[in-house]
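# Coordinate inspection notes
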Amino acid sequence: MFSFFKKKLRSVLSSTPADAPVQPEVPAISDRSDSPALPSPPSPAPLKQPAGNGGSMIGSALVTPIDIPTALALAVAPERQRWFGKLQEGLRKTGSSISTVFTGSQIDEQLYEDLETALLMADTGVSATQHLLADVRRRVKEGGMTHPVAVRNALIESITVLLKPLERPLVIGEFVPTVIMVTGVNGAGKTTSIGKLTRHLANEGASVLLAAADTFRAAAREQLSVWADRNTVEIVSQENGDPAAVSFDAVTAGKARGKDVVLVDTAGRLPTQLHLMEELRKIKRVVQKADATAPHEVLLVIDGNTGQNALAQVKAFDDTLQLTGLVVTKLDGTAKGGVLAAIALWARERAKASPGLRPVAVYFIGVGEKLEDLETFNAREFAQALLG
Ligand SMILES: Nc1nc2c(ncn2[C@@H]2O[C@H](COP(=O)(O)OP(=O)(O)OP(=O)(O)O)[C@@H](O)[C@H]2O)c(=O)[nH]1
């Protein structure tokens, strides 16, 4: 069983740099009742009460508890095996054309040519395709392999090794609150993913404050609320307000109320909309003003179905914001799942070119619209599901 989040003790981590590599196997938030996983929240600061609506004011923003119908019972965490089945099913379109390459009886140049074509068709991109081909050839040679099935296994290894650096758990608890800024193009799955994350966090006992910095779309707040858990989630919103001001107010409120997590939902935008990209930069800057250590995560949600276009988004948003992580949605039914390999190669080159930057992780991947359709990313599992 995989934990959805990794928790860290603030005291333990005070000697650890924020960008230090994360070590695996730390207890999950779910065992917080047995361990001092998350520091006790400080006493909430008194908040200004607005007249007559039951909410409270943080700066100019109204903070109101979200009312969720009780019929929405908390979902039980899915078994990983069931998830693997879903992932395999979701990646079938991408994987099946690659797998047919290995149905012959010998390893020859034709096989490598077919593999190259299949990887390119899966939107792996030229560089990652060349990288994988060279690595597979080396493995085949060094291993003295003679049967195409062995090439398939070599490819699983090559993909696993390439993707491995992207595999890192999202850490909650090192900072209180952990401020997570979520960005992406319109329709990538931001609000849905934030909703799922919120629900998982709430299920594990973490208190969450949502900043509705998507001030364009009124429905975004309602969309979030159906995922949220009664009493553990509050939302800071401001109709037609300034997204940076909403974010500032939310982080301030999160600190005052000792929330475990503040999730900042931003409006969708294209990297070509420069003024909107500048607005994201401003949100990040203003969040930093509210908490000098924040944002602790800057996530980009990408639609896996958009293949190489998703890679272009990653590069553009990273240039603007210095991303720390990705959520890759809509890997169900896509023929373009190879883009993960392209992202991994980009991340590797980024780490070489800018060793001072925090590496970009793929924290979660999504294969559908339900809560259980978003899970933590695991490199080997992904490679096996792809070619399984
Ligand atoms: N098939 C599939 N659909 C998904 C997945 N994740 C999200 N969706 C759907 O994608 C659509 C867009 O999702 P939203 O969460 O509204 O996207 P958004 O990025 O917040 O959109 P904007 O607020 O317009 O920027 C919705 O219909 C979601 O249900 C996924 O993993 N698989």
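Shown above is the structure to which this text applies.
Residues numbered from 1 in each chain as written. Predicted model: local features only at pLDDT ≥ 70, side-chain atom pairs only at ≥ 80, totals over all residues. Heavy atoms only, no water.

## Some details on the pairing of strand S11 (residues 361-366)
Here is the rule: Classification of residues uses two cut-offs on accessible area relative to the type maximum, computed with a 1.4 Å probe and protein chains only: under 20% is buried, over 50% is exposed, and between them is partly exposed. Runs of E in the DSSP output that reach at least two residues are strands. Runs of H or I that reach at least four are helices, and both are numbered from the N terminus. DSSP calls a pair of strands paired once it identifies at least 2 bridges connecting them. Convention used here: a crossover is right-handed provided that the path from the first strand, over the helix, to the second strand proceeds clockwise when the strands point away from the viewer.
When you tally the buried positions in S11, you get six out of six residues, the bulk of the element. The pairing of strand S10 (residues 325-329) with S11 spans four bridges and is classified as parallel. The residue of S11 that forms the bridge with valine 328 is isoleucine 365. With respect to chirality, the unit in which S10 leads through helix H12 (residues 339-353) into the neighbouring parallel S11 is right-handed. Note that S11 and strand S12 (residues 374-376) share three bridges and pair antiparallel. By the bridge assignment, isoleucine 365 is partnered in S12 with glutamate 375.

## What to know about empty space enclosed by the protein
The condition that has to hold: Put plainly, a pocket is an open set of points on a 1 Å grid over the protein atoms alone with protein on both sides within 12 Å along at least five of seven lines, a cavity is a set where a 1.4 Å probe fits but cannot get out, and a lining residue has an atom within 4 Å of a point. Grid points are joined across faces, edges and corners, and a volume is the space filled by probe spheres set on the points. Under this grouping Gly is polar, as are all residues other than the nonpolar Ala, Val, Leu, Ile, Met, Phe, Trp, Tyr, Cys and Pro and the charged Asp, Glu, Lys and Arg.
Overall, the coordinates contain one cavity of 30 Å³ or more when judged by the stated rule. A volume near 70 Å³ is recorded for the largest cavity. Lining the largest cavity, in full, are Ile98, Leu119, Thr124, Leu132, Ile159, Leu163, Gly337, Gly338, Leu340, Ala341, Phe382 and Leu386. Only helix H6 (148-163), H12 and helix H13 (379-387) provide two or more residues apiece to the lining of the largest cavity. Of the residues in the lining of the largest cavity, the class split is nine nonpolar, three polar and no charged.

## Quick look at the packing of aromatic side chains
The test is simple: The pairing test for Phe, Tyr and Trp rings, Trp by its six-membered ring, is centres within 6.5 Å, and the orientation test on the planes gives stacked under 30 degrees, edge-to-face over 60, and tilted for anything in between. Consider the ring centre and the ring normal. A charge sits over the ring if Lys NZ or Arg CZ is within 6 Å of that centre and within 35 degrees of that normal.
Inspection of the entire model under this criterion finds two aromatic pairs. When the ring of tyrosine 363 is compared with that of phenylalanine 364, the centres are 6.4 Å apart and the planes differ by 45°; the resulting orientation is tilted. Pair check on accessibility: tyrosine 363 and phenylalanine 364 agree, each one buried. Here the guanidinium or amino end of arginine 137 rests over the ring plane of tyrosine 112, the centre of that ring lying 4.1 Å away.

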